[in-house]
Amino acid sequence: MDVNKLESFILERIKKTRIPSLSIAIVKNNEIVYMRGFGFRDIDKGLPATPNTIYGIGSITKSFTALAILKLVEQGKLDLHDPIDKYVPLDIRPFNEPIRVHHLLTHSSGIPALAYAEAFIRGSLGLDKIWLPLVTPEDIISFMRDVEEWVEAKPGNKFFYLNEGYVLLGYIVSKVSGMKYEDFVRKYILCPLEMNRTYFYSTEVERDSDVATPYIIDKDGKHIPSKFPYGITADGGLLSNTVDMSKYIIMYLNRGEYKDRVIIGKEYIELMERKYIEVPWKLFGDEGYGYGLMVTEKFLGRKLVQHSGSVLVYTAYMGYLPSDKIGVIVLANASGYPLSTIGIYALTLALGRDPEKELEFLRKEHIIESLEGVYETYKGTHRYIVKRQGDFLVLHYKNRYLESTTILVPEEINEDYARFFTLYNGRKMWAEFYRRDGKTILIFERYKLVKRADITS
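The present account deals with the structure reproduced in this document.

With that settled, consider the side chain of T233. On the secondary structure map, T233 appears in the loop between β6 (223-225) and β7 (239-240). On the basis of relative accessible area, T233 is assigned to the buried category, the value being 6%. Residues in contact with T233, not counting those within four places in the same chain, are T61, Y181, E182 and F200.

It is worth spelling out the nonpolar core at this point. Buried together is how nonpolar side chains tend to be arranged in soluble globular proteins. By size, the foremost hydrophobic cluster in this structure holds 97 residues, and its most contacted members are F64, I172 and Y248. Residues in contact with I172, not counting those within four places in the same chain, are I69, L78, I84, Y87, V88, V101 and L104. In this structure, I19, F38, A346 and L359 belong to the second largest nonpolar core, which totals 33 residues.

Let us now look at the packing of helix α2 (residues 61-74) against helix α7 (residues 181-190). Relative to each other, α2 and α7 sit at 80°, their axes nearing to 10 Å. By the angle class used here, α2 and α7 are roughly perpendicular. Facing α2, whose interface residues are T61, F64, T65, L67, A68, K71 and L72, α7 presents Y181, F184, V185, Y188, I189 and L190. Here the contact of α2 with α7 is built from residues that sort into ten nonpolar, two polar and one charged.

With that out of the way, let us pick up the pattern of salt bridges. Counted under the stated rule, the structure contains 33 salt bridges. Residues D354 and K5 are paired through a salt bridge, measuring 2.7 Å at the closest nitrogen-oxygen approach. Of the two residues, D354 sits in the loop between α11 (339-350) and α12 (355-358) while K5 sits in helix α1 (residues 3-17), which places them 349 residues apart along the sequence. With relative accessibility at 26%, the residue K5 sits in the partly exposed group.

What follows deals with the side chain of N333. Tracing the backbone shows N333 in the loop between β15 (326-332) and α11. For N333, a relative accessible area of 0% gives the class buried. Reaching out from N333, the side chain makes a polar contact with the backbone nitrogen of S21 at a distance of 2.8 Å. A polar contact of 3.5 Å, which involves the side chain of N333, links it to the backbone oxygen of F40. Leaving out residues up to four positions away in the same chain, N333 has contacts with I19, P20, S21, F40, R41, Y55, A212, T213, P214, Y215, V313 and Y314.

A large share of β15 lies buried, amounting to seven of its seven residues. Of the two faces of β15, the one lined by I326, V328, V330 and A332 and the one lined by G327, I329 and L331 are each fully buried. Here strand β1 (residues 21-28) pairs with β15 via seven bridges, running antiparallel. Residue pairing for β15: L22 is matched across the bridge by A332. Taking the residues between adjacent antiparallel strands as the criterion, strand β14 (residues 315-321) and β15 are bridged by four residues, where K325 takes a positive phi near 55°.

A few words now on the pairing of strand β20 (residues 417-424). Looking at chain direction, strand β19 (residues 403-413) and β20 are connected through four bridges and run antiparallel. If you follow V409 over to β20, its bridge partner there is F421. Hairpin geometry of β19 and β20 is characterised by an intervening segment of three residues between the two adjacent antiparallel strands. One ladder, built from eight bridges, connects β20 with strand β21 (residues 427-436); its direction is antiparallel. Its bridge partner being in β21, L423 is matched across the sheet by K428. The loop that links β20 with its antiparallel partner β21 comprises two residues; one of these, N425, has a positive phi angle of about 55°.

To characterise two packed helices, one gives the angle between the axes of the helices and the distance between these axes. Contact pair α11 / helix α13 (residues 360-370): the axes reach a minimum separation of 11 Å and the direction vectors enclose 125°. Relative to α13, the element α11 is oriented oblique. Classified by chirality, the crossing of α13 by α11 is left-handed. Packed against α11, whose contacting residues are T341, I344 and Y345, the element α13 presents F361, L362 and E365 at the interface. Taken together, the residues of the contact of α11 with α13 break down into four nonpolar, one polar and one charged.

Conventions used here
Residues numbered from 1 in each chain as written. Predicted model: local features only at pLDDT ≥ 70, side-chain atom pairs only at ≥ 80, totals over all residues. Heavy atoms only, no water. Helix = DSSP H or I, 4+ residues; strand = E, 2+ residues; numbered from the N terminus. Buried < 20%, exposed > 50% of the residue type's maximum accessible area, 1.4 Å probe, protein only. Contact = heavy atoms within 4.5 Å. Core = buried A, V, L, I, M, F, W, Y, C linked by side-chain atoms within 4.5 Å. Axes fitted to C-alpha atoms, helices over the stretch in contact; angles between N-to-C directions. Parallel < 35°, antiparallel > 145°, perpendicular 65-115°, else oblique. Nonpolar A, V, L, I, M, F, W, Y, C, P; charged D, E, K, R; others polar. Salt bridge = Lys/Arg side-chain N within 4 Å of Asp/Glu carboxyl O. Polar contact = N/O pair within 3.5 Å; in protein donor to acceptor, adjacent residues only side chain to side chain. Pairing = 2+ DSSP bridges. Left-handed = near helix turned anticlockwise from the far one by under 90°.

The structure is reproduced here in structure tokens:
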């Protein structure tokens, strides 16, 4: 694997998006073959990140919850087709159909996202006036009392990512096992995997000496120290590190085994990795959701199993290739660049392939970035600033009194020609970029503009 290429890519991305720190580990054939921390786990104290640095893993926690449910199935205490009202005191029957455990696992209950987690996180971090103090699964159950009027589809028919559904799954784990959800996960998953520095509670984290300070990056790029939004855990409350998470990945690659221990039967891992329902976002074209995991079978001709996580002040990505016994975990202490791109980049390199040539989405990203800059018309009579904003370009104009911003949506992206569109007074209008004689040219509305400088100049 070309480690230098990976490290250059990571450093470029965290520099551009101002991520304070990032830790990564790559697993191959039951061993960590690469691990490293980049940047500051604490900026004010000048402390470096390490592979052992603790971060929140966000929604990767959902795979732990799914694994806990399947452990109960293996123990004969639960059936995946049980209606949830057998365990949860909620009377919800979308279009007179019962919601089953399977539907919660696959985000196919028919209930659109209720945004409890978004409101809870923003409120607890002081980012929003909304205050939604839901601290227990019982609070979520009360919050969902009137949810039947919110349903949009029969169970099993449509994907709606539902954090609340995984909270209910954690509640079911507690009710069926007779143990707290957190205790069940620790006993049957964390302890057998020797994940001794993976935590649910603030008291555990406070005793650890290698924890990344969570940061908010404001609109001016300033790093504002924040806090982890402790509360309900089953949908996104775990904190861990790349070394512990590598053990977790190894268990999946070994079909439920770790060292000489069977965490769960092989057939249950395979159940987790099936595509049960199509998801609305696609990078490779065939993505579907399993049990707490996303699955595509079109990653360089292989099956890629993955999940991302975010609680705004921590972000995470886990991905692995069962056929090659390769996996990656990436953790960071802010939102910014998508860690899934870094993880997929690392997996591509681990296969001995060139991400710059083989990942179409990365090629397009590079082209869009290269179009950023200051553009001027004939003899500098008119000027636009073009800047990337996520998957779009923004065309910005400003004078002493007026300011306007136009969003450009990509339609065709090639090395020498790229076409974007926007809407103006209800009409579709094109913005076309050409490369000619060493220059980048923009044709927009009535104007021809030439790129004269990068944004930083």
